[in-house]
Amino acid sequence: MIGNSWDIYLKEEFNKPYFNELLNIVKQEYKEKTCFPPLNEIFNAFRYTKYEDLKVVILGQDPYHGDNQAEGLSFSVKNDVARPPSLNNIFKELEDDLKITISNHNSLVPWAKEGVLLLNSVLTVEKKKPASHQSLGWEKFTDAVIKIINDKKVPVVFILWGNYARSKKNLITNPIHYVIESPHPSPFSAYHGFFGSKPFSKTNNFLKSKNIKPINWQI
């Protein structure tokens, strides 16, 4: 399914009846409608960030629903499309926090390769219909993923932006992990606590305190 160690950790979930039903529904949706991300990119978050390399989880809600935007990573879009406002605000906070110049690139694949699992709670969406796939069953799967990460014996940073992501905090029960919460980076809430929250330096300070190599946040 994934092609790396996630196949081992998710084997039990992949074999459950609900997951097979979910995949069948998703394939039918893609057959009948225009959906994102591309079918072969739905599980990109897991392909770019192996279980054993995972240091940070940034939890999103569902993919961008515009043409050629989504690439299977939360908050990330492909480099050849316009940058969404939320991603622009993330880069602004990164520049303010770590003095990293805002990149001309939009894709967060470099973060994923650094060990940042960019996980949407819902992995697919119909074109121009945000949250259209929330009833399909993806959240059951991604909640299971969060629980699997929660069981890791090595500390992980969970970054929860916005009320939806923060609602998943109850799944993170292992005291070795570090949870960072703030409002969402969208234009509607960024000025109400996202800006100035310094998630990137907080993440790296925590990782260094646990003798874990910090994230290179440069895009």
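Rules of the game
Residues numbered from 1 in each chain as written. Predicted model: local features only at pLDDT ≥ 70, side-chain atom pairs only at ≥ 80, totals over all residues. Heavy atoms only, no water. Pairing = 2+ DSSP bridges. Helix = DSSP H or I, 4+ residues; strand = E, 2+ residues; numbered from the N terminus. Axes fitted to C-alpha atoms, helices over the stretch in contact; angles between N-to-C directions. Contact = heavy atoms within 4.5 Å. 1 Å grid on protein atoms, 1.4 Å probe; cavity = no way out; pocket = protein on both sides within 12 Å on 5 of 7 lines; lining within 4 Å. Points joined across faces, edges and corners; volume = space filled by probe spheres on them. Nonpolar A, V, L, I, M, F, W, Y, C, P; charged D, E, K, R; others polar. Parallel < 35°, antiparallel > 145°, perpendicular 65-115°, else oblique. Phe/Tyr/Trp six-rings, centres within 6.5 Å; stacked < 30°, edge-to-face > 60°. Buried < 20%, exposed > 50% of the residue type's maximum accessible area, 1.4 Å probe, protein only. Lys NZ or Arg CZ within 6 Å of the ring centre and 35° of its normal.

Undergrad: Would you mind showing me how to read the sheet that holds strand 6 (residues 178–182) here?
TA: Two orientations exist for strands paired in a sheet by backbone hydrogen bonds: parallel and antiparallel. Taken in spatial order, the four strands line up as 3-2-5-6 in an open sheet, and their pairing is parallel. Two strands close off the open sheet at either side, each with one partner strand: strand 3 (116–120) and strand 6. The average angle at which neighbouring strand axes cross in this sheet is 20°, direction not considered. Strand direction decides the pairing type here: strand 5 (residues 157–161) and strand 6, joined by five bridges, are parallel. Within strand 6, the residue paired with I159 across the bridge is I180. Running at roughly 165° to strand 5, helix 9 (residues 199–209) makes contact with strand 2 (56–60), strand 5 and strand 6 of the sheet.

Undergrad: Sorry, what's going on with the layout of surface pockets here?
TA: Over the atoms rolls a probe the size of a water molecule, and its path tells where empty space is left. Approximately 460 Å³ is the volume attributed to the largest pocket. Lining the largest pocket are 24 residues; nearest its centre among them are D62, P63, Y64, S86 and H184. Those elements that place two or more of their residues in the lining of the largest pocket are strand 2, helix 5 (85–98) and helix 8 (162–166). Among the elements that make up the lining of the largest pocket, the one with the highest residue count is helix 8 (four residues). Taken together, the residues of the lining of the largest pocket break down into 11 nonpolar, 12 polar and one charged. Taken as a whole, the second largest pocket encloses approximately 170 Å³ of empty space. In this structure, the second largest pocket is lined by M1, L23, V26, K27, L39, N40, E41, I42, F43, R47 and W138. Of the residues forming the lining of the second largest pocket, the biggest block, three residues, is contributed by helix 3 (residues 17–32). Split by residue class, the lining of the second largest pocket holds seven nonpolar, one polar and three charged.

Undergrad: Sorry, what's going on with the packing of helix 5 against helix 9 here?
TA: Packed helix pairs are specified by the crossing angle of their axes together with the interaxial distance, meaning the distance between the axes. Packing of helix 5 against helix 9 brings their axes to within 8 Å, and their N-to-C directions diverge by 55°. Comparing the axis directions of helix 5 and helix 9 gives the class oblique. The residues of helix 9 that touch helix 5, namely those facing I90, E93, L94, D97 and L98, are P199, F200, S201 and N204.

Undergrad: I would appreciate a short explanation of the packing of aromatic side chains in the present structure.
TA: Working definition: an aromatic ring pair is given by the centre-to-centre distance plus the angle between the planes. Enumeration over the complete set of coordinates arrives at 22 aromatic pairs. Their ring planes at 20° and their centres at 3.6 Å tell us that Y9 and Y51 sit as a pair that is stacked. Residue Y9 is found in helix 1 (residues 6–9), and its partner Y51 is found in the loop between helix 4 (44–48) and strand 2; the two are separated by 42 residues along the sequence. Ring plane angle 55° and centroid distance 5.8 Å describe the contact between F194 and F195, whose orientation is recorded as tilted. Residue F194 is classed as buried on the basis of its relative accessible area of 0%. Among the aromatic residues, those joined into a ring-pair cluster are W6, Y9, F14, Y18, F19, F43, F46, Y51, W138 and F141. The lysine or arginine in question, K152, covers the ring of Y51, its NZ or CZ lying 4.0 Å from the ring centre.

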